[in-house]
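One letter stands for each residue in the lines below.
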Amino acid sequence: MLDEIFENFVKNTIFKNKKAVQASYTPEIILHREKEINQIASVLAPSLRLEKPSNLFLYGVTGTGKTLSIRYVTNQLLEKAKENNVNLKVIYINCKLKKVADTEYRILAELLEYLGRKVPATGLPTDSLYKMFTEIINEKEMMLILILDEIDQAVDKIGDSLLYNLTRLDSSLTNSQISVVGITNRLTFVDALDPRIRSSLSEEEILFHPYNALQLQDILRVRAKEAFKDSIIDEGVLEKCSAYAAQEHGDARRALDLLRVAGELVERDSKKKVTLDYVDIAESKIEKDRVLDIVKSQPKQFQLTFLSIVENSKKNNGQSFHTGDVFERYSYLCTASKVKEITQRRISDIIGEFDMLGLITTKVISRGRGGKTREIKLAINPNLLEKVENILKENLNL
Ligand SMILES: Nc1ncnc2c1ncn2[C@@H]1O[C@H](COP(=O)(O)OP(=O)(O)OP(=O)(O)O)[C@@H](O)[C@H]1O
Ligand SMILES: [Mg+2]
């Protein structure tokens with residue numbers, strides 16, 4: 001019985017190199033980012049003369065090629081530095097990785113490890129780690145580019161002291177220089193930073209615009225050619241994946257996911273071609289996984305707020321409602337689940353985050369005498385509602 005299932009996979013019919021449609025794959029060609037790549041290169045180029053590049057900030061919504069571009073430029077830069085005997089080091093840290101960026105101590109320990117110094121996992125005062133750090137890079141003339149990807153995640157967890165300290169290390173560096181590249185997909189992140197940190201961190205800023213549907217098609221075409229055997233993908237499939245991804249916010253990762261998942265589903269059904277229907281099936285599978293993932297992983301206050309939104313939406317038959325309604329029901333749910341209530345102001349912020357995640361849509365409307373309120377509408381697929389509600393209730397012991 002199982003033999004047939006396994007046999008189908010062994011005989012893998014449609015993929016040539018599936019890795020090429022996985023998000024972690026580094027493509028050889030980067031399309032439609034020439035301008036951004038050149039800008040990054042110009043900012044970082046002085047490092048080749050051991051002159052300190054400006055600190056740089058890259059921002060733009062998810063899947064716009066920020067990580068890919070900085071990796072590409074710094075790899076080339078390192079090669080050039082090697083050719084010219086320049087002591088350049090690039091350290092890349094993804095602050096989203098839990099183990100690494102939970103505390104200032106951990107990040108510093110990670111940095112030190114890159115530089116060849118092991119420190120105990122806890123225990124030393126943070127100051128002494130900074131001291132060690134400057135000592136090591138001062139040992140001989142060196143240019144250090146420190147990339148902090150998804151930097152908002154680190155600041156959420158540990159505050160902005162790290163950034164403050166890092167951008168002020170310069171004064172204690174005698175032999176060497178350090179430049180910081182911060183990357184985020186949270187567009188309001190920079191504005192929310194302490195102005196002193198902001199001005200030193202974003203001496204240069206580069207915005208990554210979302211891709212449009214045509215650009216996504218170009219990107220997909222190259223990756224699809226690498227990933228699938230010839231003539232497997234039906235006409236219109238790449239266009240449809242691109243259109244879906246462009247509709248949301250021009251996210252290349254999303255477009256690739258759609259194509260890959262469509263391919264996987266075709267394979268599972270032992271079909272020979274990726275047809276348009278499979279893009280739709282992939283779309284709803286991804287949407288479902290994404291929504292359920294978010295809902296499961298949110299902190300309690302977020303879950304209470306979201307449950308209130310779901311219940312309000314049900315009560316209004318899918319029509320919109322206001323922040324006040326959300327707060328009222330939230331308040332009730334807090335009592336019911338014995339959780340301490342937070343202010344309406346904070347709930348408002350949380351609602352804003354749901355909007356950014358695409359779980360709801362909101363519209364600010366004025367209501368006489370300068371008063372303002374927000375109209376909220378749930379934006380997830382109606383047939384997920386029940387499942388979402390059950391997960392939330394279970395998590396909240398309701
Ligand atoms: N121009 C491009 N050409 C080919 N592939 C691309 C391009 N832009 C993005 N991709 C692919 O899309 C995926 C997402 O890109 P990347 O990780 O660079 O996005 P990001 O802007 O860093 O997103 P996030 O903010 O979520 O970290 C990766 O798999 C990457 O290879
Ligand atoms: Mg990234």
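Below you will find a few notes about this structure.

Conventions adopted
Residues numbered from 1 in each chain as written. Chains lettered and ligands numbered in written order. Predicted model: local features only at pLDDT ≥ 70, side-chain atom pairs only at ≥ 80, totals over all residues. Heavy atoms only, no water. Helix = DSSP H or I, 4+ residues; strand = E, 2+ residues; numbered from the N terminus. Contact = heavy atoms within 4.5 Å. Lys, Arg positive; Asp, Glu negative; His and termini not counted. Charge placed at Lys NZ, Arg CZ, Asp CG, Glu CD. Near = heavy atom within 4 Å. Polar contact = N/O pair within 3.5 Å; in protein donor to acceptor, adjacent residues only side chain to side chain. Areas by Shrake-Rupley, 256 points an atom, 1.4 Å probe, with all protein chains shown as cover. Buried < 20%, exposed > 50% of the residue type's maximum accessible area, 1.4 Å probe, protein only. Salt bridge = Lys/Arg side-chain N within 4 Å of Asp/Glu carboxyl O.

1. Some remarks on the overall build of the protein
- Broken down by element type, the protein carries 18 helices and 8 strands.
- Of the contacts formed within the protein by residues at least 6 apart in sequence, a portion of 72% connects residues at least 24 apart.
- Of the charged side chains in the protein, 58 are positive and 57 negative, and the gap between their average positions amounts to 3 Å.

2. Focus: the site of ligand 1
- The local shell around ligand 1 holds 21 residues, among which Ala23, Leu31, Thr62, Lys66 and Tyr211 are the closest.
- In the environment of ligand 1, an oxygen atom lies 2.8 Å from a nitrogen or oxygen atom belonging to the side chain of arginine 223.
- Between ligand 1 and arginine 253 there is a distance of 2.9 Å, counted from an oxygen atom to a side-chain nitrogen or oxygen.
- A total of 630 Å² of accessible area belongs to ligand 1 in isolation, and the protein chains cover 95% of it.

3. Considering the side chain of threonine 184
- Considering the arrangement of structural elements, one finds threonine 184 in strand β4 (residues 177-184).
- Of the residues examined, threonine 184 reaches a relative accessible area of 1% and is grouped as buried.
- At a separation of 3.0 Å, a polar atom in the side chain of threonine 184 contacts the main-chain amide nitrogen of arginine 186.
- With residues up to four places along the chain from it excluded, the contact list for threonine 184 reads Phe57, Leu58, Tyr59, Gly60, Lys66, Ile151, Asp152 and Phe189.

4. Considerations on the side chain of aspartate 149
- Structurally, aspartate 149 is set in strand β3 (residues 143-149).
- Although aspartate 149 is buried, it forms no salt bridge, and the closest oppositely charged side chain is arginine 71 at an N-O distance of 6.6 Å.
- Only 2.6 Å separates the side chain of aspartate 149 from the side chain of tyrosine 92, close enough to count as a polar contact.
- Aside from chain neighbours lying at most four places away, what touches aspartate 149 is Thr67, Tyr92, Ile93, Asn94, Cys95 and Ile183.

From the geometry alone we can't say anything about function, so treat these as descriptive.
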